[in-house]
Amino acid sequence: MRHKSQPKPFAKPRLAVLRTPAHSPIRPGLFYGLAAALLVTNVVTLVGFLMAPDIARLLSGQNELVLMAYEDRVAELRVEVDRLHSRQYAQTGDINLQLQDLAQQQEVLSEQHQYVKLLADRAAELGIEAPASPAPAADDAILTGSISPGDLRTPQDQVTAATQAVAAMMDDSRVALATLSEEATDRTGKIMDALAGIGIKPKLPSLDEAIGGPYEPPIEGADAGSMIDDANAVVAALERFKAARRAADFAPVHRPTASATRTSSTFGNRVDPFTKRKAFHSGLDFAAPWGSTVLSAGYGKVTFVGTMSGYGNAVEITHGNGLVTRYGHLSSFLVKEGQTVETGTPIAKVGSTGRSTGPHLHFEVRRADNAVDPARYLAVGKKLAKMIG
């Protein structure tokens, strides 16, 4: 049983009656005028819309062509931008590679600079002073291997600055190496010439390097770095200088006493103090206080210690190159036969034994058992002392 207030299904709905107010504010003439103006405006807009070329083509069935044309233009722009980006990236990448290569070169040069410094220090220990290449400046920090976005310089400016920094380091190192090699070679030549003047010809290390390896055809761009060759030349020059200096240190050219006040008799013919007649004097006499220390004039082996006719107590030292030094009129001995002595080793004490009129040292240099003027040897020793330092 249904409720009385509910409508019946499929019943015809009631229509509401629209009632017009008794006093309407819109007049019929004004209403129709506004409608006409709106219609005219819509017509003008529609005409302009239809007259637009692209829009007209769209409405005339060409919309697909227009869209394709725009898509082509967008694609072309994309390709152009990509091409520009690719070129910029390639340029930047190439510069980055150059900077990385320069950074590696600078690192190698820095290591070589340290090697040059070591060679310069080694030369200084041998008495050779030469300017070493300066340390890299703080500005050389540009060699970072990449282009910093905050750097105001252009990439090419960075490459140019880096190249100049590496070139400057290379030049400084080469100048230092060349100076060291030339100085060492020059001093070696002077030492050898001085020693050759008194018949001493020491053997120096050969300049020929111990190198080898199987033969292979040359490869383009694989030449060995000249920096290594320059450094090796310095090492060889320093080794030869060291050998020459050692030969000079060992040669019997050094003063045999530090306490001698004067040379009381020279080498050659003189009036004999005992016979008062001309006689040959085979050495130099150094007047010195009794008991003064006698020093070895060079490196060698003691081959005689004892009494010798005319010399009194005497010591003989055999050196290389056929040279023998003899020390006479001694008061006592400080060495034994067979003993090896260095230059400046104390070997005896000054006395007045043998044919002597007072305390002094008779110093003699003999070559092939013939007496030679010791003054020549001592003069060379004095020259070498100034040269070597």
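Our subject in this report is the structure included herewith. Note that the structure is predicted; figures quoted are calculated from it, not measured.

Conventions adopted
Residues numbered from 1 in each chain as written. Predicted model: local features only at pLDDT ≥ 70, side-chain atom pairs only at ≥ 80, totals over all residues. Heavy atoms only, no water. 1 Å grid on protein atoms, 1.4 Å probe; cavity = no way out; pocket = protein on both sides within 12 Å on 5 of 7 lines; lining within 4 Å. Points joined across faces, edges and corners; volume = space filled by probe spheres on them. Helix = DSSP H or I, 4+ residues; strand = E, 2+ residues; numbered from the N terminus. Nonpolar A, V, L, I, M, F, W, Y, C, P; charged D, E, K, R; others polar. Salt bridge = Lys/Arg side-chain N within 4 Å of Asp/Glu carboxyl O. Buried < 20%, exposed > 50% of the residue type's maximum accessible area, 1.4 Å probe, protein only. Expected span 1.5 Å × (residues − 1). Polar contact = N/O pair within 3.5 Å; in protein donor to acceptor, adjacent residues only side chain to side chain. Phe/Tyr/Trp six-rings, centres within 6.5 Å; stacked < 30°, edge-to-face > 60°. Lys NZ or Arg CZ within 6 Å of the ring centre and 35° of its normal.

In this approach the atoms are scanned with a rolling probe the size of a water molecule, which exposes any empty space left behind. Considered as a void within the structure, the largest pocket measures approximately 440 Å³ in volume. Together, 24 residues line the largest pocket, and Arg270, His281, Asp285, His329 and Arg355 are the ones closest to its centre. Sorting the residues of the lining of the largest pocket by element identifies strand E1 (262–265), strand E3 (278–281), strand E4 (284–287) and strand E11 (360–367) as the ones contributing at least two each. Looking at side-chain class alone, the lining of the largest pocket contains seven nonpolar, 11 polar and six charged residues.

Enumeration over the complete set of coordinates arrives at nine salt bridges. Residues Asp186 and Lys190 are paired through a salt bridge, measuring 3.4 Å at the closest nitrogen-oxygen approach. Of this pair, Asp186 and Lys190 both sit in helix H3 (residues 155–196), four residues apart, which is roughly one turn of the helix. Under the relative-accessibility criterion, Asp186 is labelled partly exposed at 38%. Classification of Lys190 as partly exposed rests on a relative accessible area of 44%. Between Glu316 and Arg326 there is a salt bridge, with the nearest N and O atoms lying 2.5 Å from each other. Remark: Arg326 occurs in strand E8 (residues 323–333) and Glu316 occurs in strand E7 (residues 312–318); sequence separation between them is 10 residues. Residue class for Arg326 comes out buried when judged on its relative accessible area of 10%. Salt bridges sharing common partners tie together Glu316, Arg326, Glu364, Arg366 and Asp369.

Compared with an ideal rise of 1.5 Å per residue, which puts 15 residues at 21 Å, helix H5 (residues 374–388) spans 21 Å between its outermost C-alpha atoms and is within 8% of the ideal. Here H5 has its buried residues at Pro374, Tyr377, Leu378, Val380, Gly381, Leu384, Met387 and Ile388. The backbone nitrogen of Ala375 has a side-chain oxygen 3.0 Å away, supplied by the residue at the start of H5, namely Asp373.

Turning to unusual backbone geometry, a few remarks are in order. Although it is not a glycine, Asn321 adopts a positive phi angle of roughly 65 degrees. With respect to the element layout, Asn321 can be found in the loop between E7 and E8. Given a relative accessible area of 40%, Asn321 falls into the partly exposed group. With a phi angle near 65 degrees, Asp369 is a residue other than glycine that sits in the positive phi range. In this structure Asp369 comes out as exposed when scored by relative accessible area, which is 57%.

One pass over the full model with this rule turns up three aromatic pairs. Measuring from centroid to centroid gives 5.2 Å for Phe267 and Phe280, while their planes differ by 85 degrees, and the two rings are edge-to-face. Linking Phe267 in the loop between E1 and strand E2 (268–271) with Phe280 in strand E3, this pair joins segments that are 13 residues apart in sequence. According to the relative accessible area criterion, Phe267 is partly exposed, its value standing at 24%. Taking the relative accessible area as the measure of exposure, Phe280 reaches 49% and is therefore partly exposed. Residues Tyr327 and Phe363 carry aromatic rings whose centres are separated by 5.6 Å and whose planes lie at 45 degrees to one another, so their mutual orientation is tilted. Of the two residues, Tyr327 is situated in strand E8 and Phe363 in strand E11; the sequence distance between them amounts to 36 residues. Owing to a relative accessible area of 0%, Tyr327 belongs among the buried residues under this scheme. The ring of Tyr311 has Arg326 lying over it, and the distance from NZ or CZ to the ring centre is 4.8 Å.

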